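# Remarks on the overall topology
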Amino acid sequence: MAHVDVILPSGEIQRLEAGLSLAELLRQIHADLEGRVVAGRLDGKPVDLSTVPPAGARVELVLMDSPEGLFILRHSTAHLMAAAVQELYPEAKFAIGPPVEDGFYYDIDLPRPLPAEDLPVIEARMRALQADRLPFVRVEMPVEEALRLMETRGETYKVEILEAIRRYGTSRPDTVEELKGEAETGGMVSFYQSRSFLDLCRGPHVPDTSFLRAFKLTHIAGAYWRGSEQNPMLTRIYGTAFPTEEALEQHLYRLEEARRRDHRRLGRELGLFSIEEEIGPGLVLWHPKGALVREVIEAFWRKEHRRRGYQLVYTPHVARAHLWDVSGHLSWYQDNMFSGMEVEGQEYLVRPMNCPFHILIYRSHTRSYRDLPFRLGELGTVYRYERSGVLHGLLRVRGFTQDDAHIFCRPEQLESEVADVLELALAMLRAFGFPEHHLVLSVSDPAQMTKYAGSEEEWQRAESALERVLEKSGFAFDRVEGEAAFYGPKIDISLVDVLGRQWQCGTIQIDFNMPERFDLSYIGEDGRSHRPLMVHRALLGSLERFFGILIEHYGGAFPFWLAPVQVAILPVAERHEPYAQHVAGRLDTAGVRVQIDDRNEKVGYRIRQAEVTKVPYIVVVGDREVEGSLASVRERGRRERGTMPVDTLLDELRDLLHPPMTGPAL
RNA sequence: GCCGGCGUAGCUCAGUGGUAGAGCAGCUGAUUCGUAAUCAGCAGGUCAGGAGUUCAACCCUCCUCGCCGGCUCCA
């Protein structure tokens, strides 16, 4: 009998009867893994387990709980869902159904809207199919034949995809450039069939539906075909799948946890902020407690910036249209600006950015090279017209305050300035409890240089400067083409919160365009006039968004230095109030934000109130404490500490009052 | 902006083609209390706004506004 030799990941050579599939190989060498392996790889290329390996192939198995295996699992579940949808709604037309970060979706064109109540119906049908242990059968055919097949079935979206494949060799013509080398060849495409459902798909898939043990459909949303507003809106059904029920449960619990931390809910419950319909969407009211947190953030921010050579300024919120014309905002940014107002025959516009004002401060004097770098900072409130559908609590608003600064510098100072900003940004994030970050270098799209202001050569220079800083920093970063601002390339800084979610906050943007537009100059050592470079930067991004992120990160339980109320003092009975006042006075003098709760309620009730409002320290004072100048201390989260002298408590709290800022000693 | 869903008291939510209810929060009173909810009473709503159908609309229809989930966009 003929044999073939294949190479296992260990490097071992395995002799295999010719014509046996990977599934059979698995049974021979790893019977214990059966049911946990969803696919294989031949020479690194993912394939179905039903594939018969050729002689000499490097063979690997893909486990269900590996990231790749999970993707395959979810992809197959998307197919299962589509099969169920097709049975329930025979008129449905299918677009695409890929696995994503937390699960999968399928975009489907349905003749009528899908009510949310239908999700359990679809899910039930999926379970029925799952129980039938339907195999995922791979069918290969030439593109032309596939086109005819999809046309007869009325699958117009699949036809469109196939036409793209026929023309470009890939289903995504927008990526044709980067895929040039690896585009499918041979004019063959593959389908996967489970019962009557046949779907164009590269694969691989799990062998049969019995592998799909734990899944759930989560929600429905609209999505444009190919993501473009010009195209029809499809119904997108989201779901998720995991190797085990337990893992699925855990995921659903995490979703629940995210809901529990929702800053919109906590913001209302904790009296931090509100957004009122009468004022308008995306416009935030900071209530006293939220404002207190903001004050602490701002004070810390100002101190750090002064310490690092920034000069802080205040500038107006509106300016004559002419200014925005000179700055280029009217040509590049008008879609995002509130419409103007007329005053004394002059058009004024509300500012969407702070830069022109800082530029005019720079330009108000003749500047010498000795003045550079010239760093102007401002917690500057701006207004941007955001389309109504994108607004979201504090995370996406129309009026917000940027922790903005503009650095005017000589070209040779650029790199060290950018490096300093990056260092400051990361240090501040750490102080707020975000040790993890993610950096993205956004550069121009060489194919569409008309989108950008300035010369190609300037762009080149700025982009390589940013790249060098990032490389020297030693931090990992992604490089994305086409994401630059209209005036220059940038580094975007995202933080990672306690649930592992990434939020973009900081940004460092190089600008050689504005200095030119405003004809900025400085007198160099040579006595001649030179053009400075400009760096726009924000570290927290906007105070609104950052506050929203903070609320969710901490679930409303802010660390001591940020908490709006740091200590609640509860006198047991009315006669203890003078002593409560005395303790409060001492804490207050030390700079602690303290509140006495002398309401006519039992101690248990008031402790509960302090706990649910996330006050970090609770101090109960009764006869015993009055007697010995003591405080009965309780920390947020059920820890009862017992009594201690007020002096001891004060010492402890004093250490907690300041942000944990670590950085270069200046 | 687009697709879908939603909008009843400050909050969470019941409710029916025949002029609206609970819990919590609020207020008042009693209670003076020792580590996560003391008891009683009171008050609170143009049922998002507008138009229409109807003898009668919170309920049915249309429009507007807002919110939610996504898409597109983004700090």
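Cut-offs applied
Residues numbered from 1 in each chain as written. Chains lettered and ligands numbered in written order. Predicted model: local features only at pLDDT ≥ 70, side-chain atom pairs only at ≥ 80, totals over all residues. Heavy atoms only, no water. Helix = DSSP H or I, 4+ residues; strand = E, 2+ residues; numbered from the N terminus. Buried < 20%, exposed > 50% of the residue type's maximum accessible area, 1.4 Å probe, protein only. Contact = heavy atoms within 4.5 Å. Near = heavy atom within 4 Å. Polar contact = N/O pair within 3.5 Å; in protein donor to acceptor, adjacent residues only side chain to side chain. Nonpolar A, V, L, I, M, F, W, Y, C, P; charged D, E, K, R; others polar. Pairing = 2+ DSSP bridges. Axes fitted to C-alpha atoms, helices over the stretch in contact; angles between N-to-C directions. 1 Å grid on protein atoms, 1.4 Å probe; cavity = no way out; pocket = protein on both sides within 12 Å on 5 of 7 lines; lining within 4 Å. Points joined across faces, edges and corners; volume = space filled by probe spheres on them. Domains from an automatic or database assignment. Parallel < 35°, antiparallel > 145°, perpendicular 65-115°, else oblique. Left-handed = near helix turned anticlockwise from the far one by under 90°. pLDDT = per-residue confidence, 0-100. Expected span 1.5 Å × (residues − 1). Salt bridge = Lys/Arg side-chain N within 4 Å of Asp/Glu carboxyl O.

## Some details on the overall build of chain A
For chain A, the count of helices and strands is 20 helices and 33 strands. Counting only C-alpha atoms and orienting by the principal axes, one finds that chain A spans roughly 95 × 75 × 55 Å. Across the 666 residues in chain A, those meeting the buried criterion constitute 50%. In chain A, the share of contacts with a sequence separation of at least 24, taken over all contacts with a separation of at least 6, comes to 68%.

## Concerning the protein's contact with RNA strand B
Taken together, 55 residues lie near RNA strand B, and Arg396, Asn600, Arg608, Asp623 and Ser632 sit nearest. Between RNA strand B and arginine 396, the relevant distance is 2.6 Å, taken from a base oxygen to a side-chain nitrogen or oxygen of the residue. In the environment of RNA strand B, a base oxygen lies 2.5 Å from a nitrogen or oxygen atom belonging to the backbone of aspartate 623. Looking at the surface near RNA strand B, the elements that each hand over two or more residues are β12 (214-224), β13 (233-242), α8 (263-269), β25 (502-511), β28 (533-542), α18 (603-612), α19 (623-628) and β32 (630-635). It is α18 that contributes the most residues to the surface near RNA strand B, 6 residues altogether. Grouping the amino acids of the surface near RNA strand B by side-chain chemistry returns 19 nonpolar, 13 polar and 23 charged.

## Let's talk about the sheet that holds strand β24 (residues 490-496)
Within the open sheet, the 8 strands sit side by side as β16-β20-β21-β28-β25-β24-β22-β23. Their pairing is mixed. The open sheet has two free edges, formed respectively by β16 (311-312) and β23 (477-481), since each of these has just one partner strand. Where β24 lies against β25, 7 bridges are found, and the strand directions are antiparallel. Bridge pairing in β25 links leucine 495 to tryptophan 503. Across the face of the sheet, helix α12 (residues 355-363) comes into contact with β20 (374-383), β21 (399-409) and β28 while running at roughly 150° to β20.

## Quick notes on empty space enclosed by the protein
Inspection of every chain in the model, using the stated rule, returns 2 cavities of 30 Å³ or more. Volume-wise, the largest cavity comes out at about 120 Å³. Lys289, Pro564, Val565, Thr613 and Lys614 are, among the 13 residues lining the largest cavity, the residues nearest its centre. When the residues that make up the lining of the largest cavity are grouped by side-chain class, the tally is 8 nonpolar, 2 polar and 3 charged. For the lining of the largest cavity, the two domains that each supply at least three residues are domain 3 (268-439 + 504-554) and domain 4 (567-656). Its boundaries defined by the atoms lining it, the second largest cavity holds a volume of some 60 Å³. Element by element, the count of residues in the lining of the second largest cavity is highest for strand β11 (residues 197-200), at 4 residues.

## Focus: the packing of helix α13 (residues 414-431) against helix α14 (residues 456-473)
At a closest axis distance of 9 Å, the pairing of α13 and α14 adopts a crossing angle of 50°. The angle between the axes of α13 and α14 places the two elements in the oblique class. Handedness of the crossing formed by α13 with α14: right-handed. On α14, the residues that touch Leu414, Glu415, Val418, Ala419 and Leu422 of α13 are Ala465, Leu466, Arg468, Val469, Leu470, Lys472 and Ser473. Residue composition of the contact of α13 with α14, grouped by class: 8 nonpolar, 1 polar and 3 charged.

## Some points on the sheet that holds strand β19 (residues 346-350)
In space, the 3 strands of this open sheet follow the order β17-β19-β18, with antiparallel pairing throughout. With partners counted over all chains shown, the strands left at the sheet margins are β17 (318-320) and β18 (341-343), one partner each. Here the average twist between neighbouring strands, direction ignored, is 40°. Sheet topology note: the β18/β19 ladder contains 3 bridges and is antiparallel. In the sheet register, methionine 341 faces β19, and the bridge partner there is tyrosine 348.

## A look at the side chain of glutamate 544
Assignment of secondary structure puts glutamate 544 in helix α16 (residues 543-554). A polar side-chain atom of glutamate 544 sits 3.4 Å from a polar atom in the side chain of tryptophan 286. Residues in contact with glutamate 544, not counting those within four places in the same chain, are Val284, Trp286, Arg294, Leu394, Val397, Gly399, Phe400 and Thr401.

## Quick look at the environment of arginine 461
When you line up the elements, arginine 461 lands in helix α14. Separated by 50 residues in the primary sequence, arginine 461 and proline 411 place their C-alpha atoms 9.8 Å from one another.

## Points about the confidence of the model for chain A
Of the residues in chain A, 96% reach a pLDDT of 70 or more, and the chain-wide mean stands at 89. The least confident element of chain A, judged by mean pLDDT, is helix α6 (residues 176-179) at 38; the most confident is β16 at 98. For the stretch residues 173-184, pLDDT sits under 50, and the model shows 12 contacts to residues farther than four places along the chain or on other chains.

## Examining helix α7 (residues 245-260)
The terminal C-alpha atoms of α7, which comprises 16 residues, lie 22 Å apart, in line with the 22 Å expected from a rise of 1.5 Å per residue. Ala247, Leu248, His251 and Glu257 are the residues of α7 that are buried. Close packing links the buried residues of α7 with β12 and β13.

## What about the pattern of salt bridges?
In this structure the tally under the stated criterion is 46 salt bridges. With a shortest N-O distance of 3.1 Å, arginine 127 and glutamate 123 are connected by a salt bridge. Taken together, the positions of arginine 127 and glutamate 123, both in helix α3 (residues 118-131) and 4 residues apart, correspond to about one turn of that helix. Classification of glutamate 123 as buried rests on a relative accessible area of 12%. Among the salt bridges present, the one from glutamate 423 reaches arginine 308, with a minimum N-O distance of 2.8 Å. Here the residue glutamate 423 occupies a position in helix α13, and arginine 308 occupies one in the loop between α9 (288-307) and β16, the gap between them amounting to 115 residues. The exposure class of arginine 308 is buried, given its relative accessible area of 14%. Salt bridges linked by common partners bring Glu87, Arg125, Asp132 and Arg195 together as one network.

## With respect to the environment of glycine 393
Mapped onto the fold, glycine 393 is located in the loop between β20 and β21. In this view, glycine 393 contacts His263, Arg264 and Ile275; residues no more than four positions away in its chain are not counted.

## Concerning the domain arrangement of chain A
The domains assigned to chain A are domain 1 (3-63), domain 2 (68-257), domain 3 (268-439 + 504-554) and domain 4 (567-656). Distance between the C-alpha centres of domain 2 and domain 3: 43 Å.

## Side note on the pairing of strand β3 (residues 37-42)
Most of β3 is tucked away: 5 of the 6 residues are buried. As paired strands, β3 and strand β4 (residues 45-47) are joined by 3 bridges and run antiparallel to one another. Residue pairing across strands places leucine 42 opposite lysine 45, the latter belonging to β4.

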